[in-house]
Amino acid sequence: MDPYRLQFDQWARELSAELYRFAYWLCRDPAQAQDLVQEAFVRAWRARTELRDPRAAKAWLMTIVRREHARLYERVQPELTDLDALPIEDAAQPSAESLGDTELVRAAIARIELKYRTPLLLQVIGGFSCEEIAEQLGISSGAVMTQLFRARAKLKALLDPAADGRVYELA
Amino acid sequence: MSSPEAPRMNYAEFRRRLLIDPTDPALHAAAQGLSADSTERLSQAVQLEARLQQALALPLPADLAAGIEARLAQERDRVASGLRPRPWWMALAAALLLSLGLGLWWSQLRSLPMAELATAVVAHLAREPYALTRSSQVPPTLVRRMLIEHGLQPASEPVPVEYLQRCLVAGRWTVHMVMQEADGPVTVLYMPALPNAQRMDLRQDATAVRSLPYGDGALWLMAESNRDFDAVEQAWLRSAGQTVAGGWAAGAD
């Protein structure tokens, strides 16, 4: 039996939850998220001899998911819906009473631009440090921190009933 | 020798880092010595982080890990069937052999019995049981892309499907789809490059099967019952821009 087989089956059990949630919050489609995760495992399997450190498996698989998601949109132009143009109950956003707080937060997360949402997902779902995220994304740690700042600032602004959803940098 | 103290965090830096990583232990220590509202701000940031974590923790599909393992098994089978990449000289030798055998292969392909293919497509269902449980519609753009990649040119919007996968069936790459119909899921497999495709209705292993010529290959419909087959067939023919002269009589079986 291929020595990697047991390892990959173990990763499927241990990492699938984080990978699925990461994929879902990139593409926001459950079926597509499952396909992205499956495709990531297949691609990882094909390149299994290239992984030097098994402890880096999660980062490796999340990078593949992210690249597969990006590749998907290189070839397919999805019918994007402008979330800001969706009909809503009141002038700002659906009320907490009608949606529940979790759904309210989920709607807000979906409105964060992908550029800022991705490092946030890697941090909160993946548990990676700023340095690890920087390595995965190929940018500096400073850039990661800026993107995390903007992601949370946007989220906070969207969830604050008194705010207009805009993000203002600290003076 | 004591290590030099880290520079104290000022209030602006504290507020900035609250939005970068509110779980940073340094923030908890810094909050004590800053302004009067720093502890409150830290508490609010931690609460927001908890809401964020809860929101990101979506329910998982029941077949998530099983689907991954099945997909990996499919890939291993594909490789084991001799399709894995080989050194260049082996690839050259394989190409020469392939060209010599192409004529024989093509004649065999033309005469491949549909009944044998029916057995293969029904057997394939057992390898992806989770395909029948999906409920979210696959984005039409993905369906269209997959069909185009397999030689079809849908004339209109693709038929809505809840599962889409490229699968190897009887040595052929097929488009495996599932439609959630009123009487249960209907599996639709498009198998291109099948010049001897013909129309059949049969039952195999408690599965109703219908095949029909479609594109340059065959469309296979499979379900527990054939009650929805006429409607599904009409939908696919309309999608291909073909008119329907009439379907089989779909009596309950």
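Residues numbered from 1 in each chain as written. Chains lettered and ligands numbered in written order. Predicted model: local features only at pLDDT ≥ 70, side-chain atom pairs only at ≥ 80, totals over all residues. Heavy atoms only, no water.

Novice: A description of the overall build of chain B should follow, citing residues and the corresponding values.
Specialist: The secondary structure content of chain B amounts to eight helices and six strands. For chain B, the succession of helices and strands along the chain, N to C, is α-α-α-α-α-α-α-β-β-β-β-β-β-α. Sorting the 253 residues of chain B into buried and exposed places 42% on the buried side. For chain B, the share of sequence-separated contacts (at least 6 apart) that also reach a separation of at least 24 residues comes to 55%. Surface summary for chain B: the accessible area is close to 13300 Å², and the carbon and sulfur share equals 58%. (Helix = DSSP H or I, 4+ residues; strand = E, 2+ residues; numbered from the N terminus. Buried < 20%, exposed > 50% of the residue type's maximum accessible area, 1.4 Å probe, protein only. Contact = heavy atoms within 4.5 Å. Areas by Shrake-Rupley, 256 points an atom, 1.4 Å probe, with all protein chains shown as cover.)

Novice: Describe the packing of aromatic side chains, with residues and values.
Specialist: Residue and element names in this part refer to chain A. Applying the stated criterion across every chain, the model contains six aromatic pairs over all chains. On the basis of an interplanar angle of 90° and a centroid distance of 5.1 Å, the ring pair of F8 and W45 is categorised as edge-to-face. Remark: W45 occurs in helix α2 (residues 30-46) and F8 occurs in helix α1 (residues 3-27); sequence separation between them is 37 residues. Just as F8 is buried, W45 falls in that class too. (Phe/Tyr/Trp six-rings, centres within 6.5 Å; stacked < 30°, edge-to-face > 60°.)

Novice: Tell me about the packing of α1 of chain A against helix α6 (residues 114-124) of chain A, residues and numbers included.
Specialist: Residues and elements named next belong to chain A. The interhelical angle for the contact between α1 and α6, taken along N-to-C directions, is 170°, at an axis separation of 10 Å. In terms of orientation, α1 lies roughly antiparallel with respect to α6. In this structure, α1 contributes F22, W25 and L26 to the contact, and α6 contributes L114, R117, T118, L121 and L122. Grouping the constituent residues of the contact of α1 with α6 by class yields six nonpolar, one polar and one charged. (Axes fitted to C-alpha atoms, helices over the stretch in contact; angles between N-to-C directions. Parallel < 35°, antiparallel > 145°, perpendicular 65-115°, else oblique. Nonpolar A, V, L, I, M, F, W, Y, C, P; charged D, E, K, R; others polar.)

Novice: Tell me about the pairing of strand β2 (residues 172-181) of chain B, and name the residues and values.
Specialist: Residues and elements named next belong to chain B. With seven of ten residues buried, β2 lies mostly within the body of the structure. Of the strand pairs in this sheet, strand β1 (residues 163-169) and β2 are connected by seven bridges, and their pairing is antiparallel. What sits directly across from V169, in β2, is R172. Remark: two residues form the turn of the hairpin made by β1 and β2, two consecutive strands paired antiparallel; A170 in that turn has positive phi of roughly 50°. As paired strands, β2 and strand β3 (residues 184-191) are joined by seven bridges and run antiparallel to one another. (Pairing = 2+ DSSP bridges.)

Novice: How would you sum up the sheet that holds β3 of chain B? Please name residues and give values.
Specialist: All names here are of chain B. Taken in spatial order, the six strands of this open sheet run β1-β2-β3-β6-β5-β4, and their pairing is antiparallel. The outermost strands of the open sheet, each flanked by one partner alone, are β1 and β4 (200-204). Strand-to-strand twist across the sheet, computed as the mean angle between neighbouring axes with direction ignored, equals 25°. Two elements, β4 and strand β5 (residues 207-214), share five bridges in a ladder whose sense is antiparallel. The residue of β5 that forms the bridge with D201 is R210. With respect to the sheet, helix α6 (residues 114-125) is in contact with β1, β2, β3, β4, β5 and β6 (217-223), its orientation differing from that of β6 by roughly 50°.

Novice: Explain α6 of chain B to me, using residue names and the numbers behind them.
Specialist: Residue and element names in this part refer to chain B. Helix length check: α6 (twelve residues) gives 17 Å between terminal C-alpha atoms against 16 Å at 1.5 Å per residue, within 8%. Taken as a whole, α6 has its buried residues at M114, L117, A118, V121, V122 and H124. For α6, the arc enclosing every buried residue in end-on projection is 155°, short of the 170-degree limit, so these residues lie on one face. (Expected span 1.5 Å × (residues − 1). Arc of directions from axis to C-beta.)

Novice: Hey, could you go over the interface of chain A and chain B for me, with residue numbers and the actual values?
Specialist: Every contact between the two is made by 50 residues of chain A and, on the other side, 43 residues of chain B. Carbon and sulfur atoms make up 63% of the surface buried where chain A meets chain B, a total of about 4300 Å² over both sides. Its largest share of buried area at the contact with chain B, chain A owes to Q34, Q38 and R152 of chain A, together 15% of the area lost on that side. Counting across the interface, chain A meets chain B through six salt bridges. With a closest N to O distance of 2.7 Å, R152 of chain A and E49 of chain B form a salt bridge. If you look at where chain A meets chain B, you find 13 residue pairs in polar contact (both at pLDDT 80 or more). Those elements that provide at least two residues to the side of chain A that touches chain B are α1, α2, α3 (57-75), α5 (101-110), α6 and α8 (141-159) of chain A. Classifying every residue of the side of chain A that touches chain B gives 29 nonpolar, seven polar and 14 charged. (Buried area = accessible area lost by both parts, 1.4 Å probe. Salt bridge = Lys/Arg side-chain N within 4 Å of Asp/Glu carboxyl O. Polar contact = N/O pair within 3.5 Å; in protein donor to acceptor, adjacent residues only side chain to side chain.)

Remember, this is a structural readout, not a statement about activity or role.
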